[in-house]
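Each chain is listed here by its residues.
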2 protein chains.
Amino acid sequence: MKLGDFSEDELKARQSELQAVYDRFKDARLSLDLTRGKPSTQQLDLSNDLDGILGGFFMLQDGTDVRNYGGILGIPEARRLGADILSLHAAQVMVGGNSSLTLMYNMIAHMVEQWEGEALDSNSKVKFICPIPGYDRHFTICESFGIEMINVGFVSSGPDMDGIEDLVSKDPMIKGIWCVPKYSNPSGHTYDEATVKRFAKLGKVAGENFRIMWDNAYVAHHLSDKPARLLNLMDEAVQEGTEDNVVMFASSSKVTFAGAGISFLGTSENNLAAFEKSLVPQVIGFDKVNQLRHVRFLKDLDNLSTHMEKHRTLLAPKFNMVQGKLQAALEGKNIADWTTPDGGYFVSLDTLPDLATTVVDLAAAVGVKLTPAGATYPYGIDPENRNIRVAPTFPPLPDLEKALDVFVVCLELASVNHLLAT
Amino acid sequence: MKLGDFSEDELKARQSELQAVYDRFKDARLSLDLTRGKPSTQQLDLSNDLDGILGGFFMLQDGTDVRNYGGILGIPEARRLGADILSLHAAQVMVGGNSSLTLMYNMIAHMVEQWEGEALDSNSKVKFICPIPGYDRHFTICESFGIEMINVGFVSSGPDMDGIEDLVSKDPMIKGIWCVPKYSNPSGHTYDEATVKRFAKLGKVAGENFRIMWDNAYVAHHLSDKPARLLNLMDEAVQEGTEDNVVMFASSSKVTFAGAGISFLGTSENNLAAFEKSLVPQVIGFDKVNQLRHVRFLKDLDNLSTHMEKHRTLLAPKFNMVQGKLQAALEGKNIADWTTPDGGYFVSLDTLPDLATTVVDLAAAVGVKLTPAGATYPYGIDPENRNIRVAPTFPPLPDLEKALDVFVVCLELASVNHLLAT
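### Digging into the domain arrangement of chain A
Residue and element names in this part refer to chain A.
Reasoning step 1: When the domains of chain A are assigned, the result is domain 1 (3-43 + 305-421) and domain 2 (68-298).
Reasoning step 2: The straight-line distance from the C-alpha centre of domain 1 to that of domain 2 is 30 Å.
Reasoning step 3: Across the contact, 24 residues belong to domain 1 and 26 residues belong to domain 2.
Reasoning step 4: Looking at the side of domain 1 that touches domain 2, the elements with two or more residues in it are helix 11 (301-330) and strand 14 (387-390).

This is the structure we're talking about:
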């Protein structure tokens, strides 16, 4: 039954019940953390063979010794692996260090110089479109460069393309858009075919210095046995002549070791050459030894897919448990909407308007840390204060269960309090 | 006998001899490379145990799992090692990724923002002092940020401090200086005590946003059994109250694997906090797994010193051979001055004025690549066109021997040709 249909007395009765449960949580002195999309210890254990996998062999087929300096674009073997992962040609792909985020930052720094060359209206700021809710780290990059961010929402097929096309056609200062096109962080969306095709056309309107930052962070991170299919944006862009507008990213951080893996950037060969040049003053080369480790360990797409199945075996029970807890506690009450993702690292939940902060605070007060409300929005501001990102991957299952028990009580208590106050 | 004292006929006779030898080099179809300061294969082999050294143990004493995200300043164990290497406190040291050059670049990017906040004379550029000859990669960083570089020469005690103090006292736009204080690249200088003490006072005149970029790249890279002693700049700076002016760097690139090691930055705790903040948008954390590998492998200063002795055993014969060849062919001829370094990776040689490019070209034409003439100067311009950097570390000894045979002939041939033409 919808909580909104409860009488005031019924609401008050429910409030006392919930408050009593909540008070007992206080006594439990919990310390649980659902804030970040980190792999669990068991997931990390899947890749322990990385250390030592080289067995004293450090030479590449082309005679390069990976233990010595040089080669900004990465070792050919790793570029081919990255190309397979991103469905590109090896010549379009470079392999970086332990962080695709750093490559994104470097790419924006590089683009800032391009934009400065454009003699844009100096009274107006460069702008990026940000489909929301989205990934806070993308927004932080924009903020650090003073790039103004414009929110655009999601529809079932992906980001609201009508809105995006309209914005781009009207404002030449819009120079980019952040996308997590598969199992989007946090909403779980995989962009449908029509959406990808519309992205491929976007550069025709937005101009040559517009960049689609296509962060394919969860490209192989399925939670179901029917993996979502994402159309290859680069293939479509080539047909439209917009391949310079496309920059793709992926990394092994949620495949092997988080923050100790390798990263990939894929774009047109044109763009890649210009980007490499921009890296020369700051980089002699990325860690080729670790690139070779990853090539030896991950081998190819088939082996990667087998490896990701092992992750899924560890992750699926956690995501199923979250769904079970949310359904059992909230179904039919009309106080929350949440996603049931087929992949990725998050469940995205919307509370009643204006309640996200309250729920997060209530949970924090009894020892359950959630991602700060607003974090999934540019500038940390969720205009409706509704979105909460749940990150179930890191805690062991029993801890996650406890954390969800607390979360649903906080959510319902905040909702009942709110309904009684209005 | 000095070539300058030869009669014209004697010079012509010598010219024919040298030309004949040079022409035979052409037939030998050599392909030798003395361009970069890269460790040799044998040196790299000294660290092969790095891969696999973790043996499945990824936990730190404080409970951190190095396989997961987080921790921009690096793992405590590695910060302590870096502090020992740089003679600092661990709280003053952060550990980065595979490149201290990247940390230097990031530090300058961070300082650029500080300088912009200073409301400096907008008709004038920020300037850096560059002791010359120096390290080309330092100069490239300045160039990429549009920082104007001012050459200052060396005297026997280190950089010309009179010149430096004079410049700094007259021009508030001078915001930094590049130093390789031990076994300087390429001159081999180790700055003496008085020089370091004068550096410690520099900030008092230059102001709080002035940075001494103290690149201690060869801190443990001795070639003699009487290692040079370098006074601790930070200790002196603390006494002068100028510790915010000091930023130190070191890396394991020429200790373990080149470009696959770890890097260190040391500065005041004040500076470190501000620098960390500037890194947040671009970095979640550096590769902690590789940091832990290095801590397990290098252990402590004693063990590092034993390890560096093994490098020395491989390097000393090469440097001795270079000295032998230069002496045998050039001694007393008054056509070149060169250094006899006690450490580091280079021999720096000065030709007669205006001949460096000619010598490098002559060598290249018979298959011996030298560092481009001018590379050791800002903007690649050696005003006297005299300096050549010889990098003996990478080639096997027999190759190095051949390359030196070619080099001395090219040098003398160019000198004789020059003397005949003037």
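That was the structure; now back to the text.
### Details of the environment of Phe145 of chain A
Residue and element names in this part refer to chain A.
Reasoning step 1: By the element assignment, Phe145 lies in the loop between helix 5 (136-144) and strand 4 (148-152).
Reasoning step 2: The class for Phe145 is partly exposed, based on 16 C-beta atoms found within 10 Å.
Reasoning step 3: The spatial distance from the C-alpha of Phe145 to the C-alpha of Tyr105 is 9.4 Å, given a sequence separation of 40 residues.
Reasoning step 4: Each residue touching Phe145, except ones within four places of it in the same chain, is listed here: Ile108 and Val112.

### Examining the interface of chain B and chain A
Reasoning step 1: Contact residues are listed per partner, giving 38 residues for chain B and 37 residues for chain A.
Reasoning step 2: Residues belonging to the side of chain B that touches chain A are distributed by class as follows: 15 nonpolar, 16 polar and seven charged.

### Here we look at the packing of helix 3 (residues 76-86) of chain B against helix 10 (residues 288-298) of chain B
All names here are of chain B.
Reasoning step 1: Where helix 3 contacts helix 10, the two axes come as close as 9 Å, and the packing angle between them is 55°. Regarding the angle of helix 3 to helix 10, the classification is oblique. Two packed elements cross with a definite hand, and for helix 3 against helix 10 that hand is left-handed. Taking contact as the criterion, the partners of Glu77, Ala78 and Leu81 in helix 3 are, on helix 10, Gln291, Leu292, His294, Val295 and Leu298.
Reasoning step 2: Looking at side-chain class alone, the contact of helix 3 with helix 10 contains five nonpolar, two polar and one charged residues.

### Some points on the relation of the copies chain B and chain A
Reasoning step 1: Each copy superposes on the other: chain B lies on chain A with an RMSD of 0.0 Å after a rotation of 180° and an axial shift of 0.0 Å. Taken together, the turn and the small shift mark the pair as related by a two-fold rotation axis. Residues of chain B ranked by C-alpha distance from the rotation axis are headed by Gly52 of chain B, positioned 1.7 Å from it.

### Notes on the sheet that holds strand 9 (residues 246-251) of chain B
All names here are of chain B.
Reasoning step 1: What the seven strands build is an open sheet, ordered 2-10-9-8-7-3-4; its pairing is mixed. Edge positions in the sheet fall to strand 2 (93-95) and strand 4 (148-152), since each of these pairs with one other strand and no more. Within the sheet, the average angular offset between the axes of one strand and its neighbour, ignoring direction, is 20°.
Reasoning step 2: Both strand 8 (residues 211-215) and strand 9 contribute to a ladder of four bridges, which runs parallel. Bridged to Trp214 within strand 9 is Met248.
Reasoning step 3: Seen against the sheet, helix 3 touches strand 2, strand 9 and strand 10 (263-267) and runs at an angle of roughly 125° to strand 2.

### As for helix 5 of chain A
All names here are of chain A.
Reasoning step 1: Within the sequence span of helix 5, burial applies to His138, Phe139, Ile141 and Cys142. All buried residues of helix 5 lie within an arc of 155° about the axis, which places them on one face of the element.
Reasoning step 2: For helix 5, the secondary structure elements touched by its buried residues are helix 4 (100-116), strand 3 (127-131), strand 4 and strand 7 (174-179).
Reasoning step 3: Just beyond helix 5, the residue with positive phi is Gly146, at close to 65°.

### Concerning the sheet that holds strand 7 of chain A
Residue and element names in this part refer to chain A.
Reasoning step 1: On the basis of which strands lie adjacent, the open sheet formed by seven strands has the order 2-10-9-8-7-3-4 and mixed pairing. Of all the strands in the sheet, just strand 2 (93-95) and strand 4 have a single pairing partner and so form its edges. On average, each strand axis in the sheet is inclined to that of its neighbour by 20°, with strand direction left out of account.
Reasoning step 2: Relative to strand 9 (residues 246-251), helix 4 is tilted by about 160°, and along the sheet it contacts strand 7, strand 8 (211-215), strand 9 and strand 10 (263-267).

### A few points about the nonpolar core
Reasoning step 1: Within the largest apolar cluster, 249 residues are counted, with the highest numbers of intra-cluster contacts made by Val359 and Cys410 of chain A together with Val359 and Cys410 of chain B.
Reasoning step 2: In contact with Cys410 of chain B, not counting residues within four places along its chain, are Val359, Leu362 and Ala363 of chain B.

### Notes on the pairing of strand 12 (residues 347-351) of chain B
All names here are of chain B.
Reasoning step 1: Counting buried positions along strand 12 gives four out of five residues, so the element sits mostly inside the fold.
Reasoning step 2: Bridge count for strand 11 (residues 336-338) against strand 12 is three bridges, and the pairing is antiparallel. Within strand 12, the residue paired with Ala336 across the bridge is Thr351.
Reasoning step 3: Both strand 12 and strand 14 (residues 387-390) contribute to a ladder of four bridges, which runs antiparallel.

### A closer look at the pairing of strand 8 of chain B
Residues and elements named next belong to chain B.
Reasoning step 1: Strand 8 sits mainly inside the fold: five of its five residues count as buried.
Reasoning step 2: Residues Arg211, Met213 and Asp215 line one face of strand 8 and the alternating positions Ile212 and Trp214 line the opposite face, and both faces are buried.
Reasoning step 3: Note that strand 7 (residues 174-179) and strand 8 share four bridges and pair parallel. By the bridge assignment for strand 8, Ile177 is matched with Ile212.
Reasoning step 4: Where the polypeptide runs from strand 7 across helix 7 (residues 193-206) and back to strand 8, its parallel neighbour, the crossover connection is right-handed.
Reasoning step 5: Read as a crossover between parallel neighbours, the route from strand 8 over helix 8 (residues 233-240) to strand 9 is right-handed.

### A few points about the environment of Met94 of chain B
Residue and element names in this part refer to chain B.
Reasoning step 1: Mapped onto the secondary structure, Met94 falls in strand 2.
Reasoning step 2: Between the C-alpha atoms of Met94 and Phe25, which are 69 residues apart in sequence, the distance is 49 Å.
Reasoning step 3: When sequence neighbours within four positions are dropped, the list of residues in contact with Met94 reads Leu73, Gly74, Arg79, Leu265 and Leu272.

### Things to note about helix 12 (residues 356-365) of chain A
Reasoning step 1: Restricting attention to buried positions, one finds in helix 12 of chain A the residues Ala356, Thr358, Val359, Val360, Leu362 and Ala363 of chain A.
Reasoning step 2: Just downstream of helix 12 of chain A, Gly367 of chain A is the residue with a positive phi angle, here 90°.

### With respect to the packing of helix 7 of chain B against helix 8 of chain B
Residues and elements named next belong to chain B.
Reasoning step 1: Where helix 7 contacts helix 8, the axes come no closer than 8 Å and their chain directions differ by 45°. Overall, the two elements helix 7 and helix 8 adopt an arrangement that is oblique. Crossing angle aside, the handedness with which helix 7 passes helix 8 is right-handed. Between helix 7 and helix 8, the residues in contact are Val196, Lys197, Phe199, Ala200, Lys201 and Lys204 and Leu233, Glu236, Ala237 and Glu240, respectively.

About the criteria used
Residues numbered from 1 in each chain as written. Chains lettered and ligands numbered in written order. Predicted model: local features only at pLDDT ≥ 70, side-chain atom pairs only at ≥ 80, totals over all residues. Domains from an automatic or database assignment. Contact = placed C-beta atoms within 7 Å. Helix = DSSP H or I, 4+ residues; strand = E, 2+ residues; numbered from the N terminus. Buried ≥ 20, exposed ≤ 12 C-beta atoms within 10 Å, placed from the backbone. Nonpolar A, V, L, I, M, F, W, Y, C, P; charged D, E, K, R; others polar. Axes fitted to C-alpha atoms, helices over the stretch in contact; angles between N-to-C directions. Parallel < 35°, antiparallel > 145°, perpendicular 65-115°, else oblique. Left-handed = near helix turned anticlockwise from the far one by under 90°. Least-squares fit on C-alpha atoms with pLDDT ≥ 70 in both. Pairing = 2+ DSSP bridges. Arc of directions from axis to C-beta. Core = buried A, V, L, I, M, F, W, Y, C linked by C-beta atoms within 7 Å. Right-handed = clockwise from strand over helix to strand, strands pointing away.

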